Amino acid sequence: MFDFSIVTTWIDCFLRDTLGLGDFWSILIECVLVGVGILLGYAMLAIVLIFMERKVCAYFQCRLGPMRVGPWGIFQVFADVLKMLIKEIFTVDKADKVLYFLAPVFVIAASVGTFSFLPWNNGAVVLDFNVGIFLLTAISSIGVVGVFLAGWGSNNKYSVVSALRGAVQMISYEMSLCLCLITAVILTGTMQMSGIVEAQTGPWNWLIFRGHIPAIIAFLVFLVAGNAEANRGPFDLAEAESELTAGYHTEYSGMGFGYFYLAEYLNLFVISGIATTVFLGGWAPINIGIEAFDAVMNYIPGIVWFLGKTFAIVWILMWVRWTFPRLRIDQILKLEWKYLMPLCLINLILMTVVVAFGWHF
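Everything quoted here is computed from the prediction, not taken from an experiment. Note on numbering: residues in each chain are counted from 1, in written sequence order. Reporting in this predicted model follows two pLDDT cut-offs: at least 70 for local features of residues, and 80 or more for side-chain atom pairs to be given and counted; totals over whole chains, interfaces and linings ignore these cut-offs and use all residues. In computing side-chain values, all of the structure's heavy atoms are included and hydrogens and water are not.

*Asks:* Residue-level account of the packing of helix α2 (residues 23-60) against helix α14 (residues 302-321), with values.
*Replies:* The angle between two axes is taken between their N-to-C directions and runs from 0 to 180 degrees, where each axis is a line fitted to C-alpha atoms and a helix contributes only its stretch in contact. The secondary structure listing takes helices from DSSP runs of H or I that are at least 4 residues long and strands from runs of E that are at least 2 residues long, numbered from the N terminus. Contact geometry of α2 with α14 gives a least axis separation of 10 Å together with a crossing angle of 45°. As the angle between them shows, α2 and α14 are arranged oblique. Here α2 runs over α14; the crossing is right-handed. In this structure, α2 contributes L45, V48, L49, M52, E53, V56 and F60 to the contact, and α14 contributes F311, V314, W315, M318, W319 and R321. By definition in this entry, angles of less than 35 degrees are roughly parallel, angles greater than 145 are roughly antiparallel, angles of 65 to 115 are roughly perpendicular, and the rest are oblique. In this scheme, a crossing is called left-handed if the near helix is turned counterclockwise away from the far one by less than a right angle; it is called right-handed if the turn is clockwise. Two residues qualify as a contact provided that any one of their heavy atoms is within 4.5 Å of a heavy atom in the partner residue.

Structure representation (structure tokens):
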């Protein structure tokens, strides 16, 4: 398995030794390169996910989806991006201007921040702290602030109702998300993202195999709670078009709306990426203990494994969105507080017992 740290070490040595730059300039250039890489990856993945959403939606509804702009409609998203960039940015007269303009910044910052924690390959993790899971959940919660500020700052009754719905839903389902991640931390013994992946290398070592029943329960609950956290159907009550127009971003146009649009799709990718990292081995290949088979699997680059697993989960979540009807707010909260939350607490105790008695693989 290729170790990407070879590349990063070479770049660092090139800046320090070959070019003779000091610590300050070397670190500054490296940070700029990493930042540009994150933003480029963020933008390209958003384009892929939007196009994928349209085609998956069309498939489930027996349609073709966008077909006219470019072959098979592949340039339709680029046309939409251009349209969004040149649209007039207007503001609401009686809106709270500070909160109105801060809201998209909070939403996109939370999305980019959590995106930076994803381990793409061995040695290719931008933010890899020893308390990575804790920081990941802390940064992701900033998005709730952005949603609430967007609704309140717009001074629009529909937006306020939407923001209240979105905030209470996201805060509620964060509890189940965190408990599922804690369940995985108990099994692996680390909160570091790279450490969680390394704990899953080896034959049948993915967490859903190692932790058997408690890990499978945590994985399934994580997908449900993650779907709700990303405001995706059937949990998209905050953006219920039939009731609230466009929800908390009704009064936004141009790139103000574009930030919310980008964050929604990248949050879907981030949730899928975290599920891949924590429960499906991340960039680790599937090994079954047969030497010839494992050798072939190890030749496949880690980033291919990571993207393949992540997009498989993205497809499943899109399948769920276009299959089930939207839930009511009371049903959403009842599902979390009466079913998922108690299930996660019981599952956490069960995983603790499994680890304490060494019943895991």
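*Asks:* Any chance you could break down the packing of α2 against helix α4 (residues 97-115) for me, citing the residues and the numbers?
*Replies:* As a packed pair, α2 and α4 sit with axes 11 Å apart at the nearest point and diverge in direction by 105°. It follows from the interaxial angle that α2 and α4 lie roughly perpendicular. Contacts between α2 and α4 involve I38, G41, Y42 and L45 from the former and I108, S111, V112 and F115 from the latter. Under this grouping Gly is polar, as are all residues other than the nonpolar Ala, Val, Leu, Ile, Met, Phe, Trp, Tyr, Cys and Pro and the charged Asp, Glu, Lys and Arg. A breakdown of the residues in the contact of α2 with α4 according to their chemical character gives six nonpolar, two polar and no charged.

*Asks:* I'd like a description of the packing of aromatic side chains, backed by residues and values.
*Replies:* Each pair of aromatic rings taken from Phe, Tyr and Trp, with Trp reduced to its six-membered ring, is defined by centres within 6.5 Å and is described as stacked if the planes are under 30 degrees apart, edge-to-face if over 60, and tilted in the remaining cases. Taken as a whole and assessed by the stated rule, the structure comprises 27 aromatic pairs. Between the aromatic rings of F117 and F129, the centroid separation amounts to 6.5 Å while the plane-to-plane angle is 55°, which identifies the pairing as tilted. Taken as a pair, F117 in the loop between α4 and α5 (132-140) and F129 in the loop between α4 and α5 lie far apart in primary sequence, twelve residues in all. In this analysis the charged atom, NZ for Lys or CZ for Arg, is taken to sit over a ring once it is within 6 Å of the ring centre and within 35 degrees of the ring normal. One Lys or Arg, K55, reaches over the ring of W72 and ends 4.3 Å from the middle of that ring.

*Asks:* Before we move on, could you go through the pattern of salt bridges and cite the residues and values that matter?
*Replies:* Oppositely charged side chains can form a pair if their charged atoms are brought close together. In what follows, salt bridge is the name for a side-chain nitrogen of Lys or Arg lying within 4 Å of a carboxyl oxygen of Asp or Glu. Summed over the entire model, instances satisfying the criterion amount to nine salt bridges. A salt bridge links E53 to R321; the nearest nitrogen and oxygen atoms lie 2.8 Å apart. Taken together, the positions of E53 in helix α2 and R321 in helix α14 put the pair 268 residues apart, joining distant regions of the chain. In this structure, E264 engages R321 in a salt bridge whose closest nitrogen and oxygen atoms are separated by 4.0 Å. Of this pair, E264 sits in helix α12 (residues 254-279) while R321 sits in helix α14, and the two are 57 residues apart along the sequence. Buried, partly exposed and exposed residues are distinguished by accessible area as a fraction of the type maximum, computed with a 1.4 Å probe on protein chains only: under 20%, between the cut-offs, and over 50%, respectively. The class for R321 is buried, based on a relative accessible area of 19%. Sharing partners across several salt bridges, the network here consists of E53, R232, E264 and R321.

On their own, these measurements won't tell you what the molecule is for.
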